[in-house]
Amino acid sequence: MCGIVGYIGSKDAYPIILNGLKRLEYRGYDSAGICLYNNGKIASKKSKGQISKLEKKISKLKSFSGFMGIGHTRWATHGEPNDNNSHPHSSNSNELHIVHNGIIENYSSLKKELVDKGFVFYTDTDTEVLVNLIEYIQLKEKIKLGEAVQLALNYVVGAYAIAVIDIKKPDEIVVARLGSPLCIGIGDDEYFIGSDVTPFLDHTKNVIYLNDGEMAIIRNHKQTQYRKIKDDSFTNPTVEKLEIDLAKIQKGGFDHFMLKEIYEQPKAVIDTLRGRLKTKSGIIKMSGVDDYIDKFLAANKITIVACGTSWHAGLIAEYMFEKIAKIPVEVEYASEFRYRNPVINKSDIIIAISQSGETADTLAAIKLAKSSGAFVYGICNVVGSTISRETDAGSYTHAGPEIGVASTKAFTTQMTVLYLIAVKLSKSKGVISSKKYREYIYELSSIEKKITKVLGTDNKVKKIANKIKNSTNCLYLGRGYNFPVALEGALKLKEISYIHAEGYPAAEMKHGPIALIDKNMPSIVIATNKLYYDKILSNIQEIKSRKGKIIAIVFEGDKEISKIADETIEVPETIAALTPFVTTIPLQLLAYHIAVKLGKNVDQPRNLAKSVTVE
Ligand code: M6R
C-alpha cells in the first residue's frame with residue numbers, strides 16, 4: 001500500500017521519479033505527488049487521483065526539475081484522498097520533506113505533544129506528524145538529518161518505509177523501514193529508491209533490500225551509511241543482482257495487465273515446475289522441502305496462513321495435503337490467526353502464502369508462529385520480499401511480476417507449488433501407491449497444455465459476460481477442490497466489477513442462499529468433479545426450478561448438465577486435484593470481461609492496492 005520513489009544523482013530526477021511512480025501505481029492510486037530539490041529551492045506538486053492527473057498538472061509548469069527528489073503514490077489510510085493529504089509532506093519550516101508508506105499508530109499522541117510545542121498541522125495525515133517530529137528533534141538537539149530521523153523513529157509505533165530530504169542537505173536522502181518494504185538501486189554514482197525494484201529496473205540491476213529496522217543515509221558522491229534504527233550499529237548489506245527484465249513489467253500488447261497475466265498462466269506454471277518436476281524419473285526436487293524433510297515428516301499438523309486469493313490457494317491445499325499426503329491441515333486468515341492466541345506446537349508447520357511477500361497480516365502471523373517455535377515455510381512470488389526473508393525456508397512461485405491488482409497467475413502458481421509439496425510428501429511418507437504417484441506427476445506435467453486449451457474459451461466467456469454484465473448479484477457454487485475456486489471466482493468479480501458475488505459449497509445453497517435465486521441472479525456452477533456430479537446436477541435443477549440462470553463449467557463432452565444449463569463452458573478433463581487449474585481460468589476471464597464491459601478500471605480497482613502492507 002502506497003509506493004515510494006526517490007532519486008539522487010546527476011540526471012534530471014523528474015522523469016525518473018514519474019516513471020518510477022507509474023510502475024508502483026499498483027500499490028495505491030488515491031493520489032500522487034513529487035518533490036524535487038533544485039538550486040536551493042524545493043518544487044513540490046501533488047494531486048488527488050492517478051499519476052496521469054499529476055503528470056498533467058506538472059506539464060503546465062515551465063521547469064520542474066532537479067537532481068534529487070522523492071515521489072509517492074497513495075493508498076489512503078489517515079485522511080481522505082485529496083490534494084492536501086497527498087504526499088510528499090513538509091515540516092513547518094518547509095525545509096524537510098517526506099514520503100511514507102505505512103501507518104504511524106501513535107500519531108495522535110505525538111501530534112498533541114507537537115501542537116503543545118507550537119507546531120501547526122495542515123493535513124489529516126500521520127505522515128505530517130512524523131516529518132514535524134523529525135524537525136522538532138533536529139532543531140532541539142542541533143543534529144544532522146540522519147540522526148534526527150533515527151531518534152524520531154525511536155518514538156514511533158507502527159509501520160513505515162520513508163524517504164526524507166532536507167533543503168539544507170541537497171546531496172542527501174535518508175531512508176528507513178520497519179514493516180513496509182524499501183530497496184535501493186545502486187547506479188553509477190547515482191541512487192534510486194523504491195518500494196520495490198520496478199522503478200529503477202531500466203537504470204540499474206544492482207539492488208540492496210533494506211532489512212526491517214534498518215536505515216540508510218544516501219549521499220551523492222559519498223559512501224552511503226547503512227545502520228540499525230534502534231542502536232548505533234552499522235550494517236553492511238549485500239548488493240544483489242536483479243534478474244527481472246523490463247518486458248515482464250510491461251503490457252506486451254494486451255489491453256490490461258490482468259488479461260496479460262491470465263494469458264501468461266501456461267508459461268507461469270512451466271516456470272514454477274522448471275527444475276522441480278522431473279517427469280521421466282518421477283522425482284520432485286524442492287530444496288526448501290528436501291532440506292527440512294524430517295520436519296515435514298514429523299509434522300502433526302500444517303497450518304496455512306494467508307489473505308485473499310492466497311488464502312483460497314491455501315484452502316485448495318487443504319484438500320491436496322489431506323487427500324494426497326494424509327496430513328491434517330488448517331487454513332486460517334492471517335489476520336485472525338495473529339490475534340486469536342492459536343495453539344502452536346513446536347512440531348507444527350506453518351505455511352505462509354503471499355504473492356507480494358509483504359502482506360502485513362501474513363507477516364505478523366509468521367512472526368507469531370516463529371516466536372512459538374514453529375517451523376515456517378513461505379510460498380511467495382516476489383523475490384527478496386520480506387516474507388521470503390522472514391520464513392525458515394520456502395519456495396518461490398516464479399510467476400513473474402504480477403501487476404494487475406486482481407491476482408491471477410500468482411494463484412495458479414501457488415497451487416502448483418502446493419500440489420508439488422503434497423505429492424512429494426505423500427511419497428516420502430509412503431502413503432501413496434507408485435501407480436497413483438505416477439498419475440499425479442503425469443497429470444501435472446500436462447496441465448499447462450490444458451490451461452492453454454481453456455484460454456481458447458475466451459470468446460465464449462466474453463459473450464456470456466455480455467449477457468450477465470448487468471446483474472447486481474452472482475452466486476458461485478462448487479464442491480470439494482472447486483469450493484475454493486467458487487470463492488476465488490466471486491472475489492475476482494467483486495473486486496474488479498463491483499458486482500456483489502458470493503462463493504458457496506454447492507450443497508450449502510439450500511441452507512440460505514437459495515432464497516436469493518430469481519431470474520435476475522445468475523449462478524456460476526463448477527460441475528467438473530465426477531464424485532459430486534449427480535449432486536451438483538440436483539443443485540442445478542433446484543436453481544432452474546426457481547427460474548435462476550445457470551452458467552456451468554463442465555468437462556469437454558458433458559451431456560447431462562449441458563442440457564439444462566443456460567450456458568456451458570467446457571474445459572479439458574483432468575484429475576480432481578488439478579481441476580482448479582482449468583476451472584479458475586474461465587472465472588478470471590468472466591470477471592475480466594464483465595469489468596471491461598462495465599467500463600471499470602480493471603488493473604486498478606477502486607479502494608484496493610496490490611500489496612496490503614497495513615493491518
Ligand atoms: O500478496 P498477497 O498474496 O499476500 O496478497 C493477499 C491479498 O491481498 C490478495 O490476494 C488480494 O485478495 C487480491 N487483490 C485478490 O485478487
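The residue numbering used here restarts from 1 in each chain and proceeds along that chain's sequence as written. The predicted origin of the model limits local features to residues at a pLDDT of at least 70 and limits the giving and counting of side-chain atom pairs to 80 or more, whereas totals for whole chains, interfaces and linings rest on all residues. Heavy atoms throughout the structure, all of them, feed into the side-chain values; hydrogens and water do not.

(A) Region of the structure containing the site of the ligand. A single heavy atom is enough: if one lies within 4 Å of a molecule or strand, its residue is considered near that molecule or strand. Taken together, 15 residues lie around the ligand, and Ser310, Ser354, Ser356, Thr359 and Glu495 are the ones closest in. We define a polar contact as two N or O atoms separated by no more than 3.5 Å, with the added condition that, inside protein, one atom must be a possible hydrogen donor and the other a possible acceptor, whereas residues neighbouring each other in sequence contribute only through side-chain atom pairs. Val405 is positioned with one of its backbone polar atoms (N or O) 3.1 Å from a nitrogen atom of the ligand. Here an oxygen atom of the ligand sits 2.4 Å away from a polar atom, N or O, in the side chain of Glu495. The Shrake-Rupley method, run with a 1.4 Å probe, gives the accessible areas here. Residue values count only the displayed protein chains as cover. Across the complex, the protein chains shield 92% of the 410 Å² of accessible surface that the ligand would expose by itself. In this count, Pro and Cys sit with the nonpolar residues alongside Ala, Val, Leu, Ile, Met, Phe, Trp and Tyr, while Asp, Glu, Lys and Arg are called charged and the others, Gly among them, polar. Classifying every residue of the shell around the ligand gives five nonpolar, eight polar and two charged. A domain-level breakdown of the shell around the ligand finds at least three residues from each of domain 2 (250–445) and domain 3 (454–605). The domain boundaries here were taken from an automatic or database domain assignment.

(B) Molecular detail of the pairing of strand 11 (residues 206–209). Paired strands are those between which DSSP finds at least two bridges. For the purposes of this entry, the term helix denotes a DSSP run of H or I that reaches at least four residues, the term strand denotes a run of E that reaches at least two, and both are numbered from the N terminus. In this structure, strand 9 (residues 183–186) lies alongside strand 11, joined through three bridges in antiparallel fashion. Pairing of Ile184 across the sheet is with Ile208, part of strand 11. As paired elements, strand 11 and strand 14 (residues 240–241) share two bridges and run antiparallel to each other. Counted as the bridge partner of Val207 is Glu240 from strand 14.

(C) Region of interest: the packing of helix 16 (residues 447–455) against helix 21 (residues 579–597). Remark: helix 16 packs on helix 21, axes separated minimally by 9 Å, with the N-to-C direction vectors making an angle of 25 degrees. Regarding the angle of helix 16 to helix 21, the classification is roughly parallel. Here helix 16 and helix 21 pass one another in a crossing that is right-handed. Contacts from Ile447, Lys450, Ile451, Val454 and Leu455 of helix 16 reach helix 21 at Phe581, Val582, Ile585 and Pro586. Between the N-to-C directions of two axes lies an angle of 0 to 180 degrees, each axis being a line fitted to C-alpha atoms and, for a helix, fitted only over the stretch in contact. Orientation labels follow simple angle bins: below 35 degrees gives roughly parallel, above 145 gives roughly antiparallel, 65 to 115 gives roughly perpendicular, and whatever is left gives oblique. Definitions for this section: a left-handed crossing has its near helix turned counterclockwise from the far helix by less than a right angle. A right-handed crossing has that turn clockwise. Any two residues whose heavy atoms approach within 4.5 Å at even a single point are treated as in contact.

(D) Highlighting the domain arrangement of the chain. Domain assignment breaks the chain into domain 1 (3–243), domain 2 (250–445) and domain 3 (454–605). For domain 1 versus domain 3, the separation of C-alpha centres amounts to 45 Å.

(E) Focus on a positive patch on the surface. A contiguous patch of positive charge, built from Lys48, Lys53, Lys56 and Lys60, is present on the exposed surface. Among the structural elements, Lys60 can be located in the loop between helix 2 (51–59) and strand 4 (68–74). Summary of the burial criterion: residues with accessible area below 20% of their type's maximum are buried, those above 50% are exposed, and those between are partly exposed, where the area comes from a 1.4 Å probe applied to protein chains only. We classify Lys60 as exposed; its relative accessible area is 71%. To count toward a patch, a residue needs a relative accessible area above 30% and no salt bridge. Like charges then connect within 9 Å, nonpolar side chains (Val, Leu, Ile, Met, Phe, Trp, Tyr) within 5 Å. A pair is scored as a salt bridge if a Lys or Arg side-chain nitrogen falls within 4 Å of a carboxyl oxygen belonging to Asp or Glu. The convention is simple: Lys and Arg are positive, Asp and Glu are negative, and His and the chain ends are not counted. The atom standing in for a charge is NZ when the residue is Lys, CZ when it is Arg, CG when it is Asp and CD when it is Glu.

(F) Summary view of the nonpolar core. One finds Phe321, Ile351, Tyr419 and Tyr476 to be the most contacted residues of the largest nonpolar core, which totals 91 residues. Split by domain, this core shows at least three residues from each of two domains, domain 2 (250–445) and domain 3 (454–605). Those residues in contact with Tyr419, other than ones at most four positions away along the chain, are Met320, Ile324, Tyr440, Leu444, Ile575, Ala577 and Leu578. Counting 28 residues, the second largest nonpolar core, distinct from the first, contains Ile34, Cys183, Tyr209 and Leu242. What we call a nonpolar core is a set of buried Ala, Val, Leu, Ile, Met, Phe, Trp, Tyr and Cys residues that are connected through their side-chain atoms within 4.5 Å.

(G) Inspection of the environment of Gln150 at higher detail. For Gln150, the location among the structural elements is in helix 5 (residues 145–153). Between the C-alpha atoms of Gln150 and Ile229, which are 79 residues apart in sequence, the distance is 5.6 Å. With residues up to four places along the chain from it excluded, the contact list for Gln150 reads Met215, Arg227, Lys228, Ile229, Asp231 and Asp232.

(H) Just the pattern of salt bridges, in detail. On inspection of all chains with the given rule, the structure shows 32 salt bridges. Here Arg177 and Asp212 are joined by a salt bridge, their closest N and O atoms 2.9 Å apart. Here Asp212 lies in the loop between strand 11 and strand 12 (214–219) and Arg177 lies in strand 8 (residues 172–178), a separation of 35 residues in the sequence. Among the salt bridges present, the one from Glu330 reaches Lys301, with a minimum N-O distance of 3.7 Å. In this pair, Glu330 sits in strand 18 (residues 329–333) while Lys301 sits in the loop between helix 9 (293–298) and strand 17 (302–306), placing the two residues 29 residues apart along the sequence. For Glu330, a relative accessible area of 33% corresponds to the partly exposed category. A cluster of three or more residues bridged by salt bridges with shared partners is formed by Glu95, Asp166 and Lys168.

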